[in-house]
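Residue-level structure breakdown
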Amino acid sequence: MTTSDDTAQSVPLADMTAAHASVTLLERLADKLGGRASVTAVYGEPVLSEGITVIPVAEVGFGFGGGAGREVGKDKTGEGRGGGGGAGARPIGFIEIRDGTATYKPLRDPWADVVLPLAALLVGTALPRLARRLAKRRIR
């Protein structure tokens, strides 16, 4: 993140090296993304209906990275730059406030609710059969 001392010493574009440009880019990305990472990004605006307050909850993540270059050979050519960033959010549940009591209710993944029980059923059915077959082989 930039400080007032850093911004006061701006470097002309012609004198900017790839390393300095990358650092500047990363500082700008951190300022932009950091400014958007607030409580309202995680907890949405409360919704009030029929005496029940619902507050949406999300998982928010962000990241950024950058690159630099170097001078190569006698001609000192080959300067490079790079950088990027991103942010994402996904709903994970909600907080329900009813009669002064707050309850967190996660959003469930329908695939996990179906696939995991089915897998447990298949394993529970196949495992005893497999054990019986192995026991018969040992007896022979």
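Relevant structure appears above.
What counts, and at which threshold
Residues numbered from 1 in each chain as written. Predicted model: local features only at pLDDT ≥ 70, side-chain atom pairs only at ≥ 80, totals over all residues. Heavy atoms only, no water. Helix = DSSP H or I, 4+ residues; strand = E, 2+ residues; numbered from the N terminus. Contact = heavy atoms within 4.5 Å. Patch = residues over 30% accessible without salt bridge, like charges linked within 9 Å, V, L, I, M, F, W, Y side chains within 5 Å. Areas by Shrake-Rupley, 256 points an atom, 1.4 Å probe, with all protein chains shown as cover. Salt bridge = Lys/Arg side-chain N within 4 Å of Asp/Glu carboxyl O. Lys, Arg positive; Asp, Glu negative; His and termini not counted. Charge placed at Lys NZ, Arg CZ, Asp CG, Glu CD. Buried < 20%, exposed > 50% of the residue type's maximum accessible area, 1.4 Å probe, protein only. Pairing = 2+ DSSP bridges.

Here we look at the environment of Val54
Looking at the element boundaries, Val54 is found in strand E2 (residues 52–67). Taking the C-alpha atoms as reference, Val54 lies 9.7 Å from Tyr104; in sequence the two are 50 residues apart. Once residues lying within four places of it in the same chain are set aside, the contact partners of Val54 are Glu45, Pro46, Val47, Phe94 and Ile95.

Considering a positive patch on the surface
Taken together, the side chains of Arg129, Arg132, Arg133, Lys136, Arg137 and Arg140 define a basic patch exposed on the protein surface. Among the secondary structure elements, Arg137 is positioned in helix H4 (residues 110–139).

With respect to a nonpolar patch on the surface
A cluster of nonpolar side chains, namely Trp111, Val114, Val115, Leu118 and Leu121, defines an oily patch on the protein surface of about 540 Å² accessible area. Within the element layout of this structure, Val115 appears in helix H4. Classification of Val115 by relative accessible area gives partly exposed; the value is 41%.

A look at the pairing of E2
Sheet topology places strand E1 (residues 47–49) next to E2; 3 bridges connect them, and they run antiparallel. Residue pairing in the sheet places Val47 in a bridge with Val54 of E2. Across 16 bridges, E2 lies against strand E3 (residues 82–98) in antiparallel orientation. Its bridge partner being in E3, Gly67 is matched across the sheet by Gly82.

Some thoughts on the pattern of salt bridges
Applying the stated criterion across every chain yields a total of 3 salt bridges. Arg90 is paired through a salt bridge with Glu59; the nearest N and O atoms lie 2.9 Å apart. Of the two residues, Arg90 sits in strand E3 while Glu59 sits in strand E2, which places them 31 residues apart along the sequence. Given a relative accessible area of 47%, Arg90 falls into the partly exposed group. Glu59 sits in the partly exposed class, given a relative accessible area of 42%. For the salt bridge of Glu96 with Arg98, the shortest nitrogen-to-oxygen distance reads 3.6 Å. Shared partners join several salt bridges into a network, and the residues in it are Glu96, Arg98 and Lys105.

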